[in-house]
Amino acid sequence: MRVLVTGGVGFIGTNFVKYVMSNRPDWSVTVLDKLTYAGRQENLSEFENSDRYSFVKGDICDAAVVSRVMPGCDVVVNFAAETHVDRSIDDPASFVRTDVEGVRVLLEEFKKDNTRKVFLQISTDEVYGSVETGRSSESDALDPRSPYSASKAGGELLAMSYFTTFGVPVIITRASNNYGPFQYPEKLIPLFITNAFQGEKLPLYGDGGNMRDWMFVTDHCSALVAAIEKGRPGRIYNVGDGQEKTNKEVTFAILEATGSDSDLIRFVEDRLGHDRRYAVDVSRAASELDWKPEIDFETGLALTVNWYRANAQWWQSIKSGEFREYYKKMYSARLENSERNQ
Ligand code: NAD
Ligand code: TYD
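This write-up is about the structure you can find in this document. Because the structure is predicted, anything quoted here is derived from the model rather than measured.

## Quick look at the site of ligand 2
Taken together, the neighbourhood of ligand 2 is formed by 19 residues, with E126, R212, R271, H274 and Y331 sitting nearest. With respect to ligand 2, the side chain of E126 contributes an N or O atom lying 2.5 Å from an oxygen atom. Relative to its unbound accessible area of 510 Å², ligand 2 is 97% covered by the protein chains. Secondary-structure elements contributing two or more residues to the shell around ligand 2 are α6 (188-198) and β8 (202-205).

## What to know about the environment of R2
Secondary-structure assignment places R2 in strand β1 (residues 2-6). Judged by its relative accessible area of 35%, R2 falls in the partly exposed class. In contact with R2, not counting residues within four places along its chain, are S28, T30, P71, G72, C73, D74 and V75.

## A word on the packing of helix α4 (residues 93-110) against helix α5 (residues 147-166)
Their axes nearest at 8 Å, the elements α4 and α5 cross at an angle of 15°. Considering their axes alone, α4 and α5 lie roughly parallel with respect to each other. Between α4 and α5 lies a crossing whose hand is right-handed. In contact with F95, V96, D99, V100, V103, R104, L107 and E108 of α4, α5 contributes P147, Y148, S151, K152, G154, G155, L158, A159 and Y162. Classifying every residue of the contact of α4 with α5 by side-chain character gives 10 nonpolar, 3 polar and 4 charged.

## Here we look at the side chain of N178
In this structure, N178 sits in strand β7 (residues 178-179). Here N178 falls in the buried class, since its relative accessible area comes to 8%. Side-chain polar atoms of N178 contact the side chain of H220, separated by 2.8 Å.

## Describing the side chain of D241
With respect to the secondary-structure elements, D241 resides in the loop between β11 (236-239) and β12 (244-246). Buried charged residue D241 carries no salt bridge. Nearest counter-charge: R135, at 9.7 Å. A polar contact is formed between the side chain of D241 and the side chain of Q243, at a distance of 3.2 Å. D241 has contacts with S176, D213, W214, M215, F216, D219, W291, P293 and I295, leaving out every residue within four places of it along the chain.

## What about α5?
Between its terminal C-alpha atoms α5 stretches 28 Å, which fits the 28 Å expected from 20 residues at 1.5 Å a residue. Among all positions of α5, only Y148, S149, S151, K152, A153, G155, E156, A159, M160 and Y162 are buried. Taken together, the buried residues of α5 touch α3 (85-90), α4, β5 (118-124), β6 (170-175) and β11.

Thresholds applied
- Residues numbered from 1 in each chain as written.
- Chains lettered and ligands numbered in written order.
- Predicted model: local features only at pLDDT ≥ 70, side-chain atom pairs only at ≥ 80, totals over all residues.
- Heavy atoms only, no water.
- Near = heavy atom within 4 Å.
- Polar contact = N/O pair within 3.5 Å; in protein donor to acceptor, adjacent residues only side chain to side chain.
- Areas by Shrake-Rupley, 256 points an atom, 1.4 Å probe, with all protein chains shown as cover.
- Helix = DSSP H or I, 4+ residues; strand = E, 2+ residues; numbered from the N terminus.
- Buried < 20%, exposed > 50% of the residue type's maximum accessible area, 1.4 Å probe, protein only.
- Contact = heavy atoms within 4.5 Å.
- Axes fitted to C-alpha atoms, helices over the stretch in contact; angles between N-to-C directions.
- Parallel < 35°, antiparallel > 145°, perpendicular 65-115°, else oblique.
- Left-handed = near helix turned anticlockwise from the far one by under 90°.
- Nonpolar A, V, L, I, M, F, W, Y, C, P; charged D, E, K, R; others polar.
- Lys, Arg positive; Asp, Glu negative; His and termini not counted.
- Salt bridge = Lys/Arg side-chain N within 4 Å of Asp/Glu carboxyl O.
- Expected span 1.5 Å × (residues − 1).

Rendered as C-alpha coordinates:
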(Lines give C-alpha, C1' and ligand atoms only; values in the text may rest on other atoms or scores of the structure.)
(Ligands and ions follow the chains in the order given, each with its own letter.)
Protein backbone atom coordinates (compact mmCIF):
# COMPACT_ATOMS: atom_id res chain seq x y z
CA MET A 1 0.00 0.00 0.00
CA ARG A 2 1.31 3.46 -0.88
CA VAL A 3 0.27 6.25 1.44
CA LEU A 4 0.57 9.97 0.78
CA VAL A 5 0.93 11.73 4.12
CA THR A 6 0.43 15.47 3.82
CA GLY A 7 1.78 17.58 6.68
CA GLY A 8 3.87 14.51 7.50
CA VAL A 9 6.70 16.30 9.31
CA GLY A 10 4.46 18.22 11.72
CA PHE A 11 3.68 16.86 15.17
CA ILE A 12 1.10 14.14 14.52
CA GLY A 13 2.33 13.44 10.98
CA THR A 14 5.83 12.67 12.28
CA ASN A 15 4.47 10.28 14.89
CA PHE A 16 2.13 8.68 12.33
CA VAL A 17 4.92 8.04 9.80
CA LYS A 18 7.12 6.53 12.53
CA TYR A 19 4.20 4.36 13.63
CA VAL A 20 3.51 3.13 10.09
CA MET A 21 7.18 2.52 9.29
CA SER A 22 7.49 0.24 12.33
CA ASN A 23 4.05 -1.38 12.36
CA ARG A 24 3.13 -1.75 8.66
CA PRO A 25 6.25 -3.09 6.88
CA ASP A 26 4.32 -3.54 3.61
CA TRP A 27 3.27 0.14 3.44
CA SER A 28 5.38 2.84 1.83
CA VAL A 29 5.04 6.51 2.63
CA THR A 30 5.42 9.72 0.65
CA VAL A 31 5.35 12.87 2.73
CA LEU A 32 4.19 16.13 1.14
CA ASP A 33 4.86 19.07 3.43
CA LYS A 34 5.24 22.80 2.85
CA LEU A 35 7.65 23.12 5.79
CA THR A 36 5.86 26.02 7.42
CA TYR A 37 7.12 27.16 10.82
CA ALA A 38 5.52 23.96 12.22
CA GLY A 39 7.20 21.41 9.93
CA ARG A 40 10.70 19.91 10.36
CA GLN A 41 12.02 17.60 7.64
CA GLU A 42 14.76 16.34 10.00
CA ASN A 43 12.09 14.75 12.24
CA LEU A 44 12.08 11.82 9.81
CA SER A 45 15.74 11.86 8.75
CA GLU A 46 16.15 8.28 10.05
CA PHE A 47 14.15 7.11 6.98
CA GLU A 48 16.05 9.11 4.36
CA ASN A 49 17.74 5.99 2.97
CA SER A 50 14.67 3.77 3.13
CA ASP A 51 13.08 2.75 -0.17
CA ARG A 52 9.74 2.85 1.68
CA TYR A 53 10.00 6.59 2.38
CA SER A 54 10.22 9.74 0.30
CA PHE A 55 9.83 13.42 1.06
CA VAL A 56 8.53 16.17 -1.20
CA LYS A 57 8.51 19.81 -0.18
CA GLY A 58 5.30 21.37 -1.45
CA ASP A 59 2.00 23.07 -0.72
CA ILE A 60 -1.30 21.14 -0.75
CA CYS A 61 -2.89 24.22 -2.34
CA ASP A 62 -0.57 23.86 -5.34
CA ALA A 63 -2.44 21.64 -7.84
CA ALA A 64 0.69 21.10 -9.96
CA VAL A 65 2.67 19.64 -7.05
CA VAL A 66 -0.28 17.57 -5.86
CA SER A 67 -0.82 16.09 -9.34
CA ARG A 68 2.86 15.17 -9.49
CA VAL A 69 2.94 13.50 -6.07
CA MET A 70 -0.40 11.70 -5.72
CA PRO A 71 -0.33 9.28 -8.70
CA GLY A 72 0.46 5.76 -7.49
CA CYS A 73 -0.86 6.42 -3.98
CA ASP A 74 -3.74 4.27 -2.71
CA VAL A 75 -4.41 6.26 0.45
CA VAL A 76 -4.14 9.95 1.33
CA VAL A 77 -3.90 10.97 4.96
CA ASN A 78 -4.34 14.73 5.17
CA PHE A 79 -2.68 16.16 8.26
CA ALA A 80 -1.56 19.35 6.48
CA ALA A 81 -3.15 22.31 8.20
CA GLU A 82 -2.63 25.50 10.08
CA THR A 83 -3.37 24.26 13.58
CA HIS A 84 -2.95 26.79 16.36
CA VAL A 85 -6.11 28.50 17.64
CA ASP A 86 -4.22 31.59 18.91
CA ARG A 87 -2.60 32.12 15.51
CA SER A 88 -6.00 31.72 13.83
CA ILE A 89 -7.36 34.57 15.95
CA ASP A 90 -4.41 36.71 14.89
CA ASP A 91 -4.50 35.82 11.17
CA PRO A 92 -7.35 33.64 9.85
CA ALA A 93 -6.45 33.88 6.13
CA SER A 94 -3.80 31.13 6.06
CA PHE A 95 -6.23 28.83 7.89
CA VAL A 96 -8.96 29.20 5.29
CA ARG A 97 -6.41 28.69 2.53
CA THR A 98 -4.77 25.49 3.77
CA ASP A 99 -7.55 23.96 5.86
CA VAL A 100 -10.33 24.45 3.26
CA GLU A 101 -8.85 25.22 -0.17
CA GLY A 102 -5.99 22.77 0.34
CA VAL A 103 -8.48 19.99 1.02
CA ARG A 104 -10.31 20.82 -2.23
CA VAL A 105 -7.08 20.62 -4.24
CA LEU A 106 -6.26 17.21 -2.74
CA LEU A 107 -9.79 15.90 -3.35
CA GLU A 108 -9.80 17.06 -6.98
CA GLU A 109 -6.63 15.09 -7.66
CA PHE A 110 -7.77 12.08 -5.63
CA LYS A 111 -11.01 11.76 -7.55
CA LYS A 112 -9.19 11.34 -10.88
CA ASP A 113 -8.40 7.70 -9.99
CA ASN A 114 -11.34 5.62 -8.80
CA THR A 115 -9.14 2.70 -7.73
CA ARG A 116 -7.81 4.67 -4.76
CA LYS A 117 -8.87 3.28 -1.39
CA VAL A 118 -9.21 5.94 1.29
CA PHE A 119 -9.04 9.72 1.64
CA LEU A 120 -8.58 10.19 5.37
CA GLN A 121 -9.29 13.74 6.46
CA ILE A 122 -7.84 14.45 9.90
CA SER A 123 -10.27 16.66 11.74
CA THR A 124 -10.75 17.77 15.31
CA ASP A 125 -13.27 17.62 18.14
CA GLU A 126 -13.15 21.44 18.09
CA VAL A 127 -15.68 21.39 15.22
CA TYR A 128 -18.38 20.58 17.82
CA GLY A 129 -17.65 23.81 19.66
CA SER A 130 -17.67 24.14 23.42
CA VAL A 131 -19.49 21.26 25.13
CA GLU A 132 -20.47 22.22 28.66
CA THR A 133 -21.82 18.77 29.62
CA GLY A 134 -21.88 15.27 28.16
CA ARG A 135 -19.84 14.07 25.19
CA SER A 136 -20.12 14.88 21.50
CA SER A 137 -21.15 12.10 19.19
CA GLU A 138 -20.59 12.07 15.46
CA SER A 139 -24.19 13.02 14.58
CA ASP A 140 -24.16 16.16 16.77
CA ALA A 141 -24.46 19.54 15.06
CA LEU A 142 -21.22 21.35 14.31
CA ASP A 143 -20.69 24.65 16.10
CA PRO A 144 -17.10 25.74 15.47
CA ARG A 145 -16.23 28.95 17.27
CA SER A 146 -12.66 29.87 16.30
CA PRO A 147 -11.26 30.59 12.83
CA TYR A 148 -9.20 27.38 13.26
CA SER A 149 -12.15 25.12 14.07
CA ALA A 150 -14.38 26.83 11.49
CA SER A 151 -11.76 26.19 8.79
CA LYS A 152 -11.39 22.56 9.89
CA ALA A 153 -15.18 22.19 9.77
CA GLY A 154 -15.18 23.67 6.26
CA GLY A 155 -12.49 21.22 5.17
CA GLU A 156 -14.28 18.16 6.46
CA LEU A 157 -17.68 19.25 5.08
CA LEU A 158 -16.09 19.72 1.69
CA ALA A 159 -14.45 16.28 1.94
CA MET A 160 -17.77 14.65 2.83
CA SER A 161 -19.43 16.40 -0.12
CA TYR A 162 -16.94 14.59 -2.41
CA PHE A 163 -18.12 11.30 -0.92
CA THR A 164 -21.79 12.15 -1.46
CA THR A 165 -21.41 13.78 -4.86
CA PHE A 166 -18.57 11.87 -6.51
CA GLY A 167 -18.31 8.67 -4.47
CA VAL A 168 -14.79 9.52 -3.26
CA PRO A 169 -14.02 7.12 -0.34
CA VAL A 170 -13.68 9.80 2.32
CA ILE A 171 -13.30 8.92 5.99
CA ILE A 172 -13.15 11.63 8.65
CA THR A 173 -11.66 11.36 12.11
CA ARG A 174 -12.30 13.96 14.81
CA ALA A 175 -9.58 13.71 17.42
CA SER A 176 -9.31 15.32 20.82
CA ASN A 177 -6.21 17.27 21.96
CA ASN A 178 -3.02 15.30 21.32
CA TYR A 179 0.26 15.54 23.22
CA GLY A 180 3.61 13.75 22.96
CA PRO A 181 7.03 14.01 21.27
CA PHE A 182 7.64 16.48 18.40
CA GLN A 183 4.80 18.87 19.29
CA TYR A 184 5.66 22.46 18.42
CA PRO A 185 6.10 24.36 21.68
CA GLU A 186 3.29 26.83 21.01
CA LYS A 187 0.68 24.35 22.30
CA LEU A 188 -0.12 24.12 26.01
CA ILE A 189 1.75 20.96 27.07
CA PRO A 190 5.09 21.42 25.24
CA LEU A 191 5.05 25.17 25.95
CA PHE A 192 4.65 24.62 29.66
CA ILE A 193 7.15 21.73 29.83
CA THR A 194 9.85 23.72 28.04
CA ASN A 195 9.06 26.95 29.93
CA ALA A 196 9.36 25.01 33.18
CA PHE A 197 12.76 23.65 32.06
CA GLN A 198 13.84 27.24 31.36
CA GLY A 199 12.42 28.63 34.62
CA GLU A 200 9.98 30.78 32.59
CA LYS A 201 6.44 31.66 33.67
CA LEU A 202 3.52 29.39 32.71
CA PRO A 203 0.79 31.65 31.28
CA LEU A 204 -2.58 30.06 32.08
CA TYR A 205 -5.47 31.65 30.22
CA GLY A 206 -8.48 32.87 32.22
CA ASP A 207 -9.17 30.89 35.37
CA GLY A 208 -7.35 27.75 34.14
CA GLY A 209 -10.63 25.83 34.38
CA ASN A 210 -11.05 25.06 30.64
CA MET A 211 -11.15 21.33 29.99
CA ARG A 212 -9.63 19.22 27.27
CA ASP A 213 -9.78 15.47 26.58
CA TRP A 214 -6.03 14.64 26.32
CA MET A 215 -4.81 11.79 24.11
CA PHE A 216 -1.24 10.53 23.76
CA VAL A 217 -0.29 10.85 20.10
CA THR A 218 0.45 7.15 19.46
CA ASP A 219 -3.13 6.33 20.48
CA HIS A 220 -4.28 8.72 17.76
CA CYS A 221 -1.92 7.02 15.27
CA SER A 222 -3.28 3.54 16.00
CA ALA A 223 -6.83 4.86 15.51
CA LEU A 224 -5.89 6.33 12.13
CA VAL A 225 -4.39 3.04 10.91
CA ALA A 226 -7.55 1.27 12.13
CA ALA A 227 -9.69 3.83 10.24
CA ILE A 228 -7.74 3.16 7.03
CA GLU A 229 -7.97 -0.61 7.42
CA LYS A 230 -11.44 -1.02 8.91
CA GLY A 231 -13.27 2.29 8.43
CA ARG A 232 -16.26 2.68 6.19
CA PRO A 233 -16.21 5.38 3.46
CA GLY A 234 -18.61 8.21 4.25
CA ARG A 235 -18.20 7.61 7.98
CA ILE A 236 -16.98 9.95 10.74
CA TYR A 237 -15.13 8.62 13.79
CA ASN A 238 -14.46 10.46 17.04
CA VAL A 239 -11.10 9.61 18.58
CA GLY A 240 -10.10 10.45 22.16
CA ASP A 241 -8.94 8.98 25.44
CA GLY A 242 -11.68 10.27 27.74
CA GLN A 243 -8.96 11.68 30.04
CA GLU A 244 -10.48 15.03 30.79
CA LYS A 245 -8.41 17.53 32.70
CA THR A 246 -8.65 21.22 33.45
CA ASN A 247 -5.69 23.26 32.23
CA LYS A 248 -4.85 23.89 35.88
CA GLU A 249 -4.66 20.13 36.52
CA VAL A 250 -2.42 19.68 33.48
CA THR A 251 -0.21 22.52 34.70
CA PHE A 252 0.22 21.03 38.17
CA ALA A 253 1.02 17.64 36.62
CA ILE A 254 3.71 19.33 34.48
CA LEU A 255 5.14 21.14 37.51
CA GLU A 256 5.40 17.84 39.34
CA ALA A 257 6.88 15.94 36.39
CA THR A 258 9.52 18.63 35.77
CA GLY A 259 10.26 19.20 39.46
CA SER A 260 9.21 22.87 39.24
CA ASP A 261 7.53 25.21 41.67
CA SER A 262 3.96 26.50 41.43
CA ASP A 263 5.19 30.11 41.67
CA LEU A 264 5.90 29.84 37.92
CA ILE A 265 2.13 29.96 37.22
CA ARG A 266 0.64 33.22 35.97
CA PHE A 267 -3.08 33.62 35.30
CA VAL A 268 -3.22 35.81 32.20
CA GLU A 269 -5.84 37.47 30.02
CA ASP A 270 -8.05 34.83 28.41
CA ARG A 271 -8.05 33.74 24.76
CA LEU A 272 -10.85 35.41 22.76
CA GLY A 273 -13.85 33.09 22.33
CA HIS A 274 -12.09 30.45 24.45
CA ASP A 275 -14.03 27.16 24.30
CA ARG A 276 -14.65 25.92 27.83
CA ARG A 277 -14.67 22.20 27.23
CA TYR A 278 -14.31 19.52 24.58
CA ALA A 279 -15.22 15.88 25.18
CA VAL A 280 -15.97 13.12 22.68
CA ASP A 281 -17.89 9.87 22.77
CA VAL A 282 -15.62 7.30 21.10
CA SER A 283 -17.94 4.31 21.20
CA ARG A 284 -18.22 4.17 17.38
CA ALA A 285 -14.42 3.91 16.94
CA ALA A 286 -14.33 1.28 19.70
CA SER A 287 -16.99 -0.92 18.13
CA GLU A 288 -16.47 -0.38 14.38
CA LEU A 289 -12.68 0.03 14.31
CA ASP A 290 -11.98 -2.27 17.24
CA TRP A 291 -9.78 0.49 18.66
CA LYS A 292 -8.98 1.54 22.17
CA PRO A 293 -6.45 3.95 23.64
CA GLU A 294 -3.62 2.47 25.68
CA ILE A 295 -1.66 5.27 27.33
CA ASP A 296 -3.06 6.94 30.45
CA PHE A 297 -2.31 10.60 31.11
CA GLU A 298 0.31 10.07 33.84
CA THR A 299 2.29 7.62 31.67
CA GLY A 300 1.94 9.77 28.55
CA LEU A 301 3.01 12.93 30.36
CA ALA A 302 6.07 11.19 31.82
CA LEU A 303 7.02 9.95 28.31
CA THR A 304 6.53 13.45 26.94
CA VAL A 305 8.55 15.22 29.65
CA ASN A 306 11.36 12.68 29.19
CA TRP A 307 11.34 13.22 25.43
CA TYR A 308 11.60 17.02 25.78
CA ARG A 309 14.35 16.57 28.39
CA ALA A 310 16.33 14.27 26.09
CA ASN A 311 15.75 16.39 22.97
CA ALA A 312 16.51 19.87 24.25
CA GLN A 313 18.26 20.79 21.01
CA TRP A 314 15.06 20.15 19.03
CA TRP A 315 12.92 22.61 20.99
CA GLN A 316 15.69 25.07 21.86
CA SER A 317 16.40 25.68 18.18
CA ILE A 318 12.68 26.37 17.65
CA LYS A 319 12.39 28.66 20.65
CA SER A 320 15.39 30.72 19.58
CA GLY A 321 14.00 31.41 16.09
CA GLU A 322 10.71 32.88 14.76
CA PHE A 323 9.11 31.71 17.96
CA ARG A 324 10.65 34.53 20.03
CA GLU A 325 8.75 37.20 18.10
CA TYR A 326 5.59 35.12 18.28
CA TYR A 327 5.96 34.66 22.04
CA LYS A 328 6.56 38.35 22.62
CA LYS A 329 3.50 39.30 20.60
CA MET A 330 1.22 36.76 22.29
CA TYR A 331 2.44 36.87 25.88
CA SER A 332 4.47 40.01 26.79
CA ALA A 333 1.49 42.25 27.57
CA ARG A 334 -0.43 39.42 29.18
CA LEU A 335 2.45 38.55 31.51
CA GLU A 336 3.15 42.21 32.36
CA ASN A 337 -0.52 42.79 33.22
CA SER A 338 -0.62 39.70 35.38
CA GLU A 339 2.50 40.85 37.31
CA ARG A 340 0.82 44.23 37.86
CA ASN A 341 -2.27 42.54 39.25
CA GLN A 342 -0.39 40.14 41.57
P1 NAD B 1 1.30 20.81 13.15
O2 NAD B 1 0.99 22.27 13.13
O3 NAD B 1 2.31 20.31 14.13
O4 NAD B 1 1.79 20.33 11.70
C5 NAD B 1 1.16 20.74 10.53
C6 NAD B 1 2.06 20.30 9.37
O7 NAD B 1 1.40 20.66 8.15
C8 NAD B 1 3.43 20.98 9.35
O9 NAD B 1 4.43 20.03 9.05
C10 NAD B 1 3.30 22.01 8.25
O11 NAD B 1 4.56 22.32 7.62
C12 NAD B 1 2.34 21.33 7.30
N13 NAD B 1 1.59 22.27 6.44
C14 NAD B 1 0.92 23.38 6.83
N15 NAD B 1 0.37 23.97 5.76
C16 NAD B 1 0.66 23.20 4.68
C17 NAD B 1 0.35 23.28 3.30
N18 NAD B 1 -0.37 24.31 2.81
N19 NAD B 1 0.80 22.32 2.49
C20 NAD B 1 1.55 21.27 2.96
N21 NAD B 1 1.89 21.16 4.26
C22 NAD B 1 1.45 22.12 5.11
O23 NAD B 1 -0.10 20.09 13.34
P24 NAD B 1 -0.50 18.76 14.13
O25 NAD B 1 -0.75 19.11 15.54
O26 NAD B 1 0.44 17.69 13.76
O27 NAD B 1 -1.92 18.48 13.47
C28 NAD B 1 -2.04 17.65 12.31
C29 NAD B 1 -3.50 17.55 11.92
O30 NAD B 1 -4.25 16.99 13.01
C31 NAD B 1 -4.16 18.88 11.60
O32 NAD B 1 -5.01 18.70 10.50
C33 NAD B 1 -4.94 19.22 12.84
O34 NAD B 1 -6.06 20.01 12.54
C35 NAD B 1 -5.34 17.84 13.32
N36 NAD B 1 -5.56 17.71 14.77
C37 NAD B 1 -4.60 18.07 15.65
C38 NAD B 1 -4.82 17.90 17.02
C39 NAD B 1 -3.76 18.25 18.03
O40 NAD B 1 -4.03 18.19 19.24
N41 NAD B 1 -2.54 18.61 17.64
C42 NAD B 1 -6.03 17.37 17.47
C43 NAD B 1 -7.01 17.01 16.53
C44 NAD B 1 -6.76 17.18 15.17
P1 TYD C 1 -3.82 24.46 22.94
O2 TYD C 1 -2.68 23.55 23.25
O3 TYD C 1 -3.56 25.73 22.20
O4 TYD C 1 -4.91 23.57 22.20
P5 TYD C 1 -6.46 23.94 21.80
O6 TYD C 1 -6.66 25.39 21.93
O7 TYD C 1 -6.51 23.51 20.37
O8 TYD C 1 -7.31 23.13 22.72
O9 TYD C 1 -4.54 24.87 24.30
C10 TYD C 1 -5.03 23.88 25.20
C11 TYD C 1 -5.71 24.61 26.34
O12 TYD C 1 -4.71 25.35 27.07
C13 TYD C 1 -6.73 25.65 25.89
O14 TYD C 1 -7.81 25.67 26.82
C15 TYD C 1 -5.97 26.97 25.94
C16 TYD C 1 -5.02 26.76 27.10
N17 TYD C 1 -3.73 27.48 27.00
C18 TYD C 1 -3.30 28.29 28.08
O19 TYD C 1 -3.97 28.41 29.12
N20 TYD C 1 -2.12 28.95 27.94
C21 TYD C 1 -1.34 28.87 26.83
O22 TYD C 1 -0.26 29.52 26.76
C23 TYD C 1 -1.78 28.02 25.75
C24 TYD C 1 -0.97 27.88 24.50
C25 TYD C 1 -2.99 27.34 25.89
